[in-house]
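Breakdown of the fold
Now for the letters of each chain:
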There are 2 protein chains.
Amino acid sequence: MKLSDLDLILEKAQAASVAMNAYALRRRVALMNAIADEIEALGPELIQTAMRESNLPEARLSGEKARTIFQWRSYAAAVENGYSLDASIDTANPQRTPPKPDIRKTNVALGPVAVFGASNFPFAFSTAGGDTASAIAAGCPVVVKAHPGHPETSQIMADAISRGVAKSGFPEGTFAHIFCDTNEEAQALVSHLVIKAVGFTGSNRGGMALVEVANKRPDPIPVFAEMGSINPVFLLPGKLNTAAAEVAKQYAASLTLGVGQFCTNPGLLICEDGAGLTEFAEALNTEIANILPAPMLNAGIALAYRGSREKVIGQSGVELLSVATSEPTEAQGAATVAMVSGIDFLINDDLQTEVFGPFALIVKCKDASEISAVASKLHGQLTATLLATSEDLATHQELVSIVQSKCGRIIFNNFPTGVEVCKSMHHGGPFPSSSNSQFTSVGADAIKRFVRPLSFQNWPDEFLPEELKNVNPLGIWRTVDNQLTKEAIKL
Amino acid sequence: MKLSDLDLILEKAQAASVAMNAYALRRRVALMNAIADEIEALGPELIQTAMRESNLPEARLSGEKARTIFQWRSYAAAVENGYSLDASIDTANPQRTPPKPDIRKTNVALGPVAVFGASNFPFAFSTAGGDTASAIAAGCPVVVKAHPGHPETSQIMADAISRGVAKSGFPEGTFAHIFCDTNEEAQALVSHLVIKAVGFTGSNRGGMALVEVANKRPDPIPVFAEMGSINPVFLLPGKLNTAAAEVAKQYAASLTLGVGQFCTNPGLLICEDGAGLTEFAEALNTEIANILPAPMLNAGIALAYRGSREKVIGQSGVELLSVATSEPTEAQGAATVAMVSGIDFLINDDLQTEVFGPFALIVKCKDASEISAVASKLHGQLTATLLATSEDLATHQELVSIVQSKCGRIIFNNFPTGVEVCKSMHHGGPFPSSSNSQFTSVGADAIKRFVRPLSFQNWPDEFLPEELKNVNPLGIWRTVDNQLTKEAIKL
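Residues numbered from 1 in each chain as written. Chains lettered and ligands numbered in written order. Predicted model: local features only at pLDDT ≥ 70, side-chain atom pairs only at ≥ 80, totals over all residues.

The secondary structure content of chain A amounts to 15 helices and 19 strands. Relative to the 2.2 N^0.38 estimate, which gives 23 Å for 491 residues, the radius of gyration of chain A is 24 Å and therefore close to what a compact globule would have. Each principal axis of the C-alpha atoms in chain A carries an extent, and together these give about 75 × 55 × 40 Å. Taking all 491 residues of chain A together, 58% fall into the buried category. (Helix = DSSP H or I, 4+ residues; strand = E, 2+ residues; numbered from the N terminus. Rg over C-alpha atoms; globule rule 2.2 N^0.38 Å. Buried ≥ 20, exposed ≤ 12 C-beta atoms within 10 Å, placed from the backbone.)

Spelled out as structure tokens, the structure:
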């Protein structure tokens, strides 16, 4: 695309931003539900196109479509109930010395947002995905850079959004969808002065390139990049020694779900050496051997999988443990597990590189203190999992504390691959799993990435935004003089 | 200081961080109140030392001491009532397909924080200031780089904090106070891998230097830098033409309060040319002429004031309007007002440079649309003020919308120089007034700068942090299945 086209698109986005600031909140809620309706109304063409472009199976894509619709509707509900506004009011006290003014605070939109979707979720983390939904929920126009892995799918979704925008009477610039042929074009979008924030889901390299562009602007802007991780699983002795075979089965299922193409794929398992591990490794071997290779998102990703897997397996001290017995085609990924000692892991940072696909590295530690050392050495992670008995937890509190400091979500006897869309979900973790550990990209709190607080001092009631007016016309929860209440202000 | 000393200090901070994570919240509340008690108990030596080091008058420093104590106590209350935790719970639904896990989210400490205080608030934004109080409230150990402008004052405060730490049984590393001789030493603190966030109040140059260091780390960390602004005041026609003399008096008082040494000093006034402006300028001239020059924080600041003031006055089209008639000494700052046309302002970005001291530039616009153009051209600001009638507001909604997009706090017929410490205060604005417009450095929400969310999935109740346990032992507000409640979870 030409830069002059980009200028025009962003001029419209800027105009939409001004218009949206003046709309009542209920209009934004209506827009989001209208977009959800449009996506819901899409016929079989959507799923068929996405199947062809992503190799993902129909059931998975149907589920992802439902998830995408739920994201729009649940974020709309969060806007409606006012959670994303964090409205608060401190009333005046003219008798105080000095007089205390009336101060009221709400969250306002940052302005136009650039969204870069992911290859592995053509619906839920792409054109109509969580970043777009949460930015619109925040009141920000969105410019999506279409993912080159599924351009037709993206266009179908973009058209659905645009129909929702038009039917709701929002300006055309509320949403735009652009195709970039080069990294320079994508960078021009992030450098453009109209853009006020960026949402990104993808690789570390891609995310950090955008962070760098954003930091170099005359006015640096926030980049919320979710860049994946290896999602360590700590298999503690009580569990290992009582349920090795059962855990191996569950772990293999989580590891190979969706051909391992989740940012929450549990690609690292840490446990103590011993008879339990031998039993676990044997059971895991049986599971992995029986998993049929399946096509990955595209041939490039399958190639990259084999390359990064071989790189890990080629590191000092790493031995291959299990591999799927059926021969994969060029486009397929074969489940693979390797093993390394705690010592070898501790001295080699390269073993923390994400292998995007159905691959796991087992770190065999000589004792509990080596497990803690491995935990301390880990980079920031989206998730960490403890497979453990309650007794294990009680006796490993120091380890739990270390693990908590490394991740955004900590899981007990469950697996990280499902990322529930709910208020309590945190999807984002310490660097490098995300560029900003203070915000989530899943759940209604994702909206907060695209707002900033604005305080009104001594502002006439009639000109306040509705969420701050005395009568509380929206009927939302507000913090009034440090107390949460839905009551009106009586002056 | 030697780098080996810094390593030792940060080793202790890291150990304190681990210990603090394991403490019950009430211990943190007790610590903060104990520190407030210690500051409260400080004798006249504190004020006398600060008067000598900062040239600030006794009444101002007494007020600032009270404000500082209030910050510690009110942030402690925010910790106690749970606002800074944003605790939420989504309960499990095993019947759903796929089963919905139990997910609970709270805010956890980022880890050790480096704080760089300001020259102009030796108590409230320095060693024992808002950044330190909010970081401790978040559960983070703090390393303060003492401000060279008031080293003895800082040491008295540091000793008070350390006494509070010791009496509360917190580890020594909970708080450290270091003196840096060079910028390199300060940068070594920000680059140190133990440090997880930075709080800064000061100049744009100083703040951006730290941002750059933080961004270059292998794990970039957030820098919350409040870097000042020129705080535009829009004097609209209805007000200008009915209350010029009264407004001139109020404006002169706000502009010269504390010798203009506030980051919220209203250094820019924008209005339409005409008879109203002539009357306003005459009245302002009388006020400014009569203001006695007063000593600035130190000789270097007085020198810098004169230099940056002369630089603005020397710009094309700028004319001197008023200056205090009493001759200032070398160490004093004389109130000064200059004037420039809207056109000359629009073409000269240098006129937006902050002049730290009692200086204002009046921008004389030819009409309402030029006022809007000036507003659109403004850089990000901590505050913006409208001096206006209700009719002015009604007829200037487009201007109001532009001004809102430029600032963190918008004020009606009031002045920005008082920054109320309360939940609804937002002190921080679009770049370059702060490095991160999404967080405040004043009010209890300042705590949120130093936490990140952590989700617990399927976690046993007995091992959950107290704010997430079923029975709600803290009795705080929590979002349970999307509803705010203080109720316990019944399973």
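Next comes the rest of the write-up.
Looking now at helix H7 (residues 183-191) of chain A. All names here are of chain A. Where H7 is concerned, the buried positions are Ala 186, Leu 189 and Val 190. Projection of H7 onto a plane perpendicular to its axis shows the buried side chains occupying an angular sector of 95°, all on one side. Of the surrounding secondary structure, the elements contacted by the buried residues of H7 are helix H1 (3-22), strand S3 (113-116), strand S4 (142-145), strand S6 (197-201) and helix H8 (204-216). (Arc of directions from axis to C-beta. Contact = placed C-beta atoms within 7 Å.)

This next bit is on the relation of the copies chain B and chain A. Mapping between the two copies of the chain is achieved by a rotation about an axis and a shift along the axis. Its rotation angle being 180°, the transformation that places chain B on chain A also includes 0.0 Å of axial translation and leaves an RMSD of 0.0 Å. Each copy turns onto its partner about a two-fold axis. Considering only C-alpha atoms, the part of chain B nearest the rotation axis is B:Asn215, at 4.2 Å. (Least-squares fit on C-alpha atoms with pLDDT ≥ 70 in both.)

Now for the sheet that holds strand S4 (residues 142-145) of chain B. Residues and elements named next belong to chain B. The five strands are arranged S5-S4-S3-S6-S7 in an open sheet whose pairing can be described as parallel. Of all the strands in the sheet, the pair left with one neighbour each is strand S5 (175-178) and strand S7 (223-226). On average, each strand axis in the sheet is tilted by 15° relative to the strand beside it, whichever way the strands run. Looking at chain direction, strand S3 (residues 113-116) and strand S6 (residues 197-201) are connected through four bridges and run parallel. (Pairing = 2+ DSSP bridges. Axes fitted to C-alpha atoms, helices over the stretch in contact; angles between N-to-C directions.)

It is worth spelling out the interface of chain B and chain A at this point. Facing 52 residues of chain B, the contacting portion of chain A comprises 52 residues. In terms of residue count, strand S17 (residues 451-457) of chain B provides more of the side of chain B that touches chain A than any other element does, six residues in total. Among the residues forming the side of chain B that touches chain A, the class breakdown is 23 nonpolar, 20 polar and nine charged. Bridging between strand S17 (residues 451-457) of chain A and strand S16 (residues 407-412) of chain B involves three bridges; their strand directions are parallel. (Nonpolar A, V, L, I, M, F, W, Y, C, P; charged D, E, K, R; others polar.)

All names here are of chain A. At a minimum axis distance of 9 Å, the contact between helix H4 (residues 58-80) and helix H5 (residues 130-137) shows a crossing angle of 25°. Compared by their axis directions, H4 and H5 come out roughly parallel. Judged by the sense of rotation from one axis to the other, the crossing of H4 with H5 is right-handed. Taken together, the residues of H5 that come into contact with H4 (itself represented by Gln 71, Trp 72, Tyr 75, Ala 76, Ala 78 and Val 79) are Gly 130, Ala 133, Ser 134 and Ala 137. Each residue belonging to the contact of H4 with H5 can be placed in one class, and the counts come to seven nonpolar, three polar and no charged. (Parallel < 35°, antiparallel > 145°, perpendicular 65-115°, else oblique. Left-handed = near helix turned anticlockwise from the far one by under 90°.)

The next point concerns helix H15 (residues 397-404) of chain A. Here H15(A) has its buried residues at A:Leu399, A:Val400, A:Ile402 and A:Val403. What you see down the axis of H15(A) is that its buried residues fit within an arc of 160°, all on one side.

The next point concerns the pairing of S16(B). Residues and elements named next belong to chain B. A large share of S16 lies buried, amounting to six of its six residues. The pairing of strand S15 (residues 381-387) with S16 spans five bridges and is classified as parallel. Directly across from Thr 383, in S16, lies its bridge partner Arg 409.

What follows covers the sheet that holds strand S5 (residues 175-178) of chain A. All names here are of chain A. Strands sit in the order S5-S4-S3-S6-S7 across an open sheet of five strands; the sheet is parallel. Looking at which strands have only one partner, the edges of the open sheet turn out to be S5 and strand S7 (223-226). Neighbour-to-neighbour, the strand axes of this sheet turn through a mean angle of 15°, independent of strand direction. With four bridges joining them, S3 and S4 adopt parallel strand pairing. Along S4, the bridge assignment pairs Phe 116 with Lys 145.

To continue, consider unusual backbone geometry. Residue A:Phe431 is joined to A:Pro432 through a cis peptide bond whose omega torsion reads 5°. For A:Pro432, the location among the structural elements is in the loop between strand S16 (407-412) and S17. Here B:Asp86, not a glycine, exhibits a phi torsion of approximately 50°, which is positive. Tracing the sequence through the fold places B:Asp86 in the loop between helix H4 (58-80) and strand S1 (88-90). When the 21 C-beta atoms within 10 Å are taken as the criterion, B:Asp86 is described as buried. The residue B:Asn482 is not glycine, and still its phi comes out positive at about 70°. As for its position among the elements, B:Asn482 is in the loop between strand S18 (478-480) and strand S19 (483-485). Since 16 C-beta atoms lie within 10 Å of it, B:Asn482 is described here as partly exposed.

Before going further, it helps to spend a moment on the environment of A:Met51. Residue and element names in this part refer to chain A. Within the fold, Met 51 resides in helix H3 (residues 44-54). A count of 16 C-beta atoms within 10 Å places Met 51 in the partly exposed class. Along the primary structure Met 51 and Phe 280 are separated by 229 residues, whereas in three dimensions their C-alpha atoms are 35 Å apart. Beyond its immediate stretch of four places on either side in the chain, Met 51 contacts Leu 56, Glu 58 and Leu 61.

This part takes up the pairing of strand S2 (residues 103-109) of chain B. Residues and elements named next belong to chain B. Among the seven residues in S2, six count as buried, and that is most of the element. For S2 and S17, the ladder comprises seven bridges, and the chain directions are antiparallel. Counted as the bridge partner of Val 108 is Arg 452 from S17.

Here the focus is the environment of B:Val323. All names here are of chain B. Within the secondary structure layout, Val 323 lies in strand S11 (residues 319-323). The buried category is assigned to Val 323, around which 20 C-beta atoms lie within 10 Å. Put simply, Val 323 and Asn 290 are 33 residues apart on the chain and 8.9 Å apart in space, counted from C-alpha to C-alpha. If we ignore the near neighbours within four places in the chain, the residues touching Val 323 are Ile 288, Ala 334 and Thr 336.

Here we come to the confidence of the model for chain A. Taken residue by residue, chain A gives an average pLDDT of 96. The fraction at 70 or more is 100%. For this predicted complex, the interface score ipTM comes out at 0.97, while the overall pTM is 0.97. (pLDDT = per-residue confidence, 0-100.)

A few words on the environment of A:Asn348. Mapping A:Asn348 onto the fold places it in the loop between helix H12 (342-346) and strand S14 (359-365). When sequence neighbours within four positions are dropped, the list of residues in contact with A:Asn348 reads A:Gln315 and A:Ser316.

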